[in-house]
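# Fold and geometry: a report
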Amino acid sequence: MTLPHRAHAQMAAGRHAEAVLTLSDHLSQHPGDAVAWDAAAESLLQLGQHDGAREAAERAWQLSGEIDAACLFAVALGSAGRGAEALAIVQAAIGERPHTPRAWERIARALDSVGLTAAALEARAEAHQLAPDDLGVALRLAERLERADRRDEARALAATLLQAHPEQPQLERLLVRLDHHDGRLDEAAARAERLLASDTLPRPIAQGLWMELARIEARRGHPRSAAAAAHTGNTLALSAWRLDPTHDPDALPRRLDALLAADLGPVPPAPPLRPGMAFVVGFPRSGTTLVQQILEAHPATATFDEAPLLDRAVDAVFGPGADWVEVARRVGDPATAAALRQAWWDQVHQRIDPAGRLVIDKLPLNLLRIDLILRAFPGAPIVVVQRDPRDAVLSAWMQDFELNQAMAQCADLGRCARLYARAFDLWLRVRDAAPSACALRYEDLVADPERALRPVIEALGLTWDDAVLAHATSARAATIRTPSYRDVRQPVYARSVNRWAAFAEALAPVLPTLAPYAAAFGYPPAP
């Protein structure tokens, strides 16, 4: 087997790190192979290595001159936060009316990367028109229709495809999600259980189905079977993630323990003028996406939904992999702090023109960098979204996250609880020295949105606007990249409050870990 063939087999199996190594060996001998550069860019994108992907995609385009390669370069640019450049290439490509479905799908991916969901769906529809018999193209269109809340169209397309491909498990999985979203819980559970009875399901599909079944069973009122399904799905996810020798599940806990042990000195005072940005942080599945979508509905804001603005700014100033304690200490120097703020603004301007609006950076686990934010962005409002820690940990454990160093913690119940403890230990030690920060309880938000939101709007320096109470309408048109994409398109509901009580048996091993935080934030103790 040639190296390119081996790399493509590795990519098909989802082993992208291995594929990159194989392609690197090949390209060292054949640097003019545009197809190999293209494949390397795709694998690097899958690994989240955006700079390497951009360089590989640009090389593929330079060598081939093909529109497909140009569109992949646009995907890489958009993924790296260089939205304006990505759009310029996309617009030129659309003007040439590509003749391949791959080009249109890459145009769609680039448009998705800069938040243009409706245009991306149109591009996927173009790909489907060019290749109506291509199952992969049609399936990806149906999945995106579901994420865009166009469920009737997604269901119709999936049903049509299933007639032609009755044994296709990805189609069945999509129908499970649609049934779940539409409240057809018994049908969703039956379909998922039938699929999971097969011994031939690919691991990623089985993993996703187990996690979907966990949430379905929770809504059906079956906590034991829900917990069992979540355990199975998370075990599959973790076993696959740990196959990569570079994945160390203890790396993040070590970083956080070092940060907690460090004496970083006092938090600097806020400047007299507001700095033009704000942050929304919290534990995953605590309501941060809901808060971001609510604030996005305000006419004076521009919000980012989990764009790695802060991480990339830190990399730009301190280099990738910089020690978190050292970074937090070094921003005590005003010139270094100013450089980090400018790098953050550079990330913003690559994506949008703020046009005088308050820029809100929402990424839940920026809570782990609360010391850095307070020191590098003095006076910037910080909204710390809190939820009963037992509900937050339960919900995070039951989500089918794409695993990284942080989300891998959430796939293990004990690690998830300890991540919560470390995150809020960081918050609690600076809470009294952070006048620009305000806490927002999820339970208060769903009980009385206006009453909970008014202090937040004031803390952000904004005037009240009733548009924030109609967030579900604006969310339907938005690109939502998190597992909350279904929930935030609905009116605020309270069914997730105190859900943990039904799962007390499954949560028993971690309740002692979480009890001090429930008490600190005013939640009743476990019975």
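Only a predicted model underlies this, so the values are computations on that prediction, with no experimental measurement involved.

### Some details on the packing of aromatic side chains
- The final tally for this structure, using the stated rule, is nine aromatic pairs.
- Here the aromatic rings of Phe 279 and Trp 344 are separated by 5.9 Å at their centres, their planes lie at 50 degrees, and the arrangement is tilted. Placement of Phe 279 in strand S1 (residues 277–282) and of Trp 344 in helix H19 (residues 334–351) is noted, with a sequence separation of 65 residues between them.
- According to the relative accessible area criterion, Phe 279 is buried, its value standing at 0%.
- Overall, Trp 344 belongs to the buried group, its relative accessible area being 0%.
- Aromatic pair Trp 344 and Phe 377: ring centres 5.8 Å apart, planes at 70 degrees, arrangement edge-to-face. Highlighted residues: Trp 344 in helix H19 and Phe 377 in the loop between helix H20 (370–376) and strand S4 (382–386), separated in sequence by 33 residues.
- The positively charged end of Arg 387 is found above the aromatic ring belonging to Tyr 442, 5.1 Å away from the centroid.
- One cation-aromatic arrangement involves Arg 441 over Tyr 523; the distance from NZ or CZ to the ring centre is 4.2 Å.

### Focus on the sheet that holds strand S3 (residues 358–362)
- One open sheet accounts for five strands, arranged S2-S3-S1-S4-S5; its pairing is parallel. Each edge of the open sheet is held by one strand with a lone partner, namely strand S2 (301–305) and strand S5 (437–441). Geometrically, the sheet is characterised by an average inter-axis angle of 20 degrees between neighbouring strands, direction not taken into account.
- As paired elements, S1 and S3 share four bridges and run parallel to each other. Paired with Ala 278 across the bridge in S3 is Ile 360.

### A closer look at the nonpolar core
- Phe 283, Trp 344 and Phe 424 are the most contacted members of the largest nonpolar core, which totals 100 residues.
- Sorting elements by how many residues they give to this core places helix H23 (residues 413–430) first, with eleven residues.
- Setting aside residues no more than four positions away along its own chain, Phe 283 makes contact with Pro 364, Leu 365, Leu 367, Val 385, Ala 392, Val 393, Ala 396, Cys 410, Cys 416, Leu 419, Tyr 420 and Phe 424.
- Core analysis: the next-biggest nonpolar cluster, separate from the first, contains 37 residues, Val 75, Leu 77, Ile 89 and Ala 103 among them.

### Some points on the environment of Phe 401
- Structurally, Phe 401 can be placed in the loop between helix H21 (389–397) and helix H22 (407–410).
- For Phe 401, a relative accessible area of 13% gives the class buried.
- As for Phe 401 and Ala 69, which are separated by 332 residues in sequence, their C-alpha atoms are 30 Å apart.

### Let's talk about the environment of Ala 406
- Tracing the chain through its elements places Ala 406 in the loop between H21 and H22.
- Residue classification places Ala 406 among the buried residues on the basis of a relative accessible area of 13%.
- C-alpha separation for the pair Ala 406 and Ala 9, spaced 397 residues apart in sequence, amounts to 29 Å.
- Setting aside residues up to four positions removed in sequence, Ala 406 forms contacts with Leu 252, Leu 365 and Leu 419.

### Some points on the pattern of salt bridges
- All chains considered together, the criterion is met by 39 salt bridges.
- Salt-bridge contacts for Asp 112 lead to Arg 144; the nearest nitrogen and oxygen are separated by 3.7 Å. Separated by 32 residues along the polypeptide, Asp 112 in helix H7 (residues 101–113) and Arg 144 in helix H9 (residues 135–147) bring together distant segments of the chain.
- Its relative accessible area of 35% is what places Arg 144 among the partly exposed residues.
- For Arg 254, the salt bridge goes to Asp 248, with nearest N and O atoms at 2.5 Å.

### Re unusual backbone geometry
- Of note in the backbone geometry, Glu 306 takes a positive phi value of approximately 65 degrees without being a glycine.
- Tracing the sequence through the fold places Glu 306 in the loop between S2 and helix H17 (309–318).
- Backbone geometry at Ala 355 places phi at a positive 50 degrees, although glycine is not the residue there.
- As for its position among the elements, Ala 355 is in the loop between H19 and S3.
- When its relative accessible area of 59% is taken as the criterion, Ala 355 is described as exposed.

Rules behind the numbers
- Residues numbered from 1 in each chain as written.
- Predicted model: local features only at pLDDT ≥ 70, side-chain atom pairs only at ≥ 80, totals over all residues.
- Heavy atoms only, no water.
- Phe/Tyr/Trp six-rings, centres within 6.5 Å; stacked < 30°, edge-to-face > 60°.
- Helix = DSSP H or I, 4+ residues; strand = E, 2+ residues; numbered from the N terminus.
- Buried < 20%, exposed > 50% of the residue type's maximum accessible area, 1.4 Å probe, protein only.
- Lys NZ or Arg CZ within 6 Å of the ring centre and 35° of its normal.
- Pairing = 2+ DSSP bridges.
- Axes fitted to C-alpha atoms, helices over the stretch in contact; angles between N-to-C directions.
- Core = buried A, V, L, I, M, F, W, Y, C linked by side-chain atoms within 4.5 Å.
- Contact = heavy atoms within 4.5 Å.
- Salt bridge = Lys/Arg side-chain N within 4 Å of Asp/Glu carboxyl O.

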